[in-house]
Amino acid sequence: NGGLLMREPPSAGTPVAVFEEGKPPFESCRVVIDPQNCFSHLTVARKKARRLTSSAHTVINPNLPGVLRPLNMKSEDTNSASELPTSAKAMAGRMLAGAVYWELQTAGWLDPTGRLFKAGDTVQLLAPSADVLAPTDLLVRNVRRSKDATRSTTSFELVLPGAFSGAFPAQMPWQGEA
């Protein structure tokens, strides 16, 4: 009917599959890191201030202690000061998703229960060569399936669960034990 549909961001749930480097169906994994997308402080201010002292909200990245690399921005779609914390958390989530993600390739198209993998699923990954040193739950941001004459594969883009909620992980995957 053309109405606006609001959805909750996916959150980490029970993993639908566990992938471990060196064990099938794992084929390859690489980490993609863009340090230009990582900030110590994200401050979001209202676009229009009705008074001299404008409203703002800051989210602090706990994974960068002792680092000062702030980003200040105006929220284009925030009408009141009460919306700023939500806007700031959303921006923090986008920052997290842009700063680090994993490209995983596996054999087959189906999870262990016979379902096709889909965006929003949670998977568990252990891949020391891709800086995931301890089993870590990650969210599937994107899935691509391919098939040739001999095999079918699934390619995933995996992000930290906070990439959709703005919640920072207590520990980054490369801080785990090898």
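Here is a short report on the structure shown in this document. (Residues numbered from 1 in each chain as written. Predicted model: local features only at pLDDT ≥ 70, side-chain atom pairs only at ≥ 80, totals over all residues. Heavy atoms only, no water.)

### As for the layout of surface pockets
Next up, step 1: For the second largest pocket, the calculated volume is near 190 Å³.
Next up, step 2: Lining the second largest pocket are 13 residues; nearest its centre among them are Ile-33, Cys-38, Ala-99, Met-172 and Trp-174.
Next up, step 3: Within the lining of the second largest pocket, the residues separate by chemical class into nine nonpolar, three polar and one charged. (1 Å grid on protein atoms, 1.4 Å probe; cavity = no way out; pocket = protein on both sides within 12 Å on 5 of 7 lines; lining within 4 Å. Points joined across faces, edges and corners; volume = space filled by probe spheres on them. Nonpolar A, V, L, I, M, F, W, Y, C, P; charged D, E, K, R; others polar.)

### Some points on the sheet that holds strand E9 (residues 152-159)
Backbone-to-backbone hydrogen bonds join strands into a sheet, with any given pair of strands oriented parallel or antiparallel.
Next up, step 1: Strand order in the open sheet formed by six strands is E1-E7-E8-E9-E6-E2, and the pairing between neighbours is mixed. A strand with exactly one partner marks an edge of an open sheet, and here the two such strands are strand E1 (17-20) and strand E2 (26-33). Across the sheet, the axes of successive neighbouring strands diverge by a mean angle of 30°, strand direction being ignored.
Next up, step 2: Pairing analysis gives seven bridges linking E2 to strand E6 (residues 100-107), with the strands arranged antiparallel. Within E6, the position partnered with Ile-33 by the bridge is Val-100.
Next up, step 3: Sheet contacts for helix H1 (residues 84-99): E2, E6, strand E8 (132-147) and E9; angle to E6, the most-contacted strand, approximately 55°. (Pairing = 2+ DSSP bridges. Helix = DSSP H or I, 4+ residues; strand = E, 2+ residues; numbered from the N terminus. Axes fitted to C-alpha atoms, helices over the stretch in contact; angles between N-to-C directions. Contact = heavy atoms within 4.5 Å.)

Purely spatial values, then, with no claim about function.
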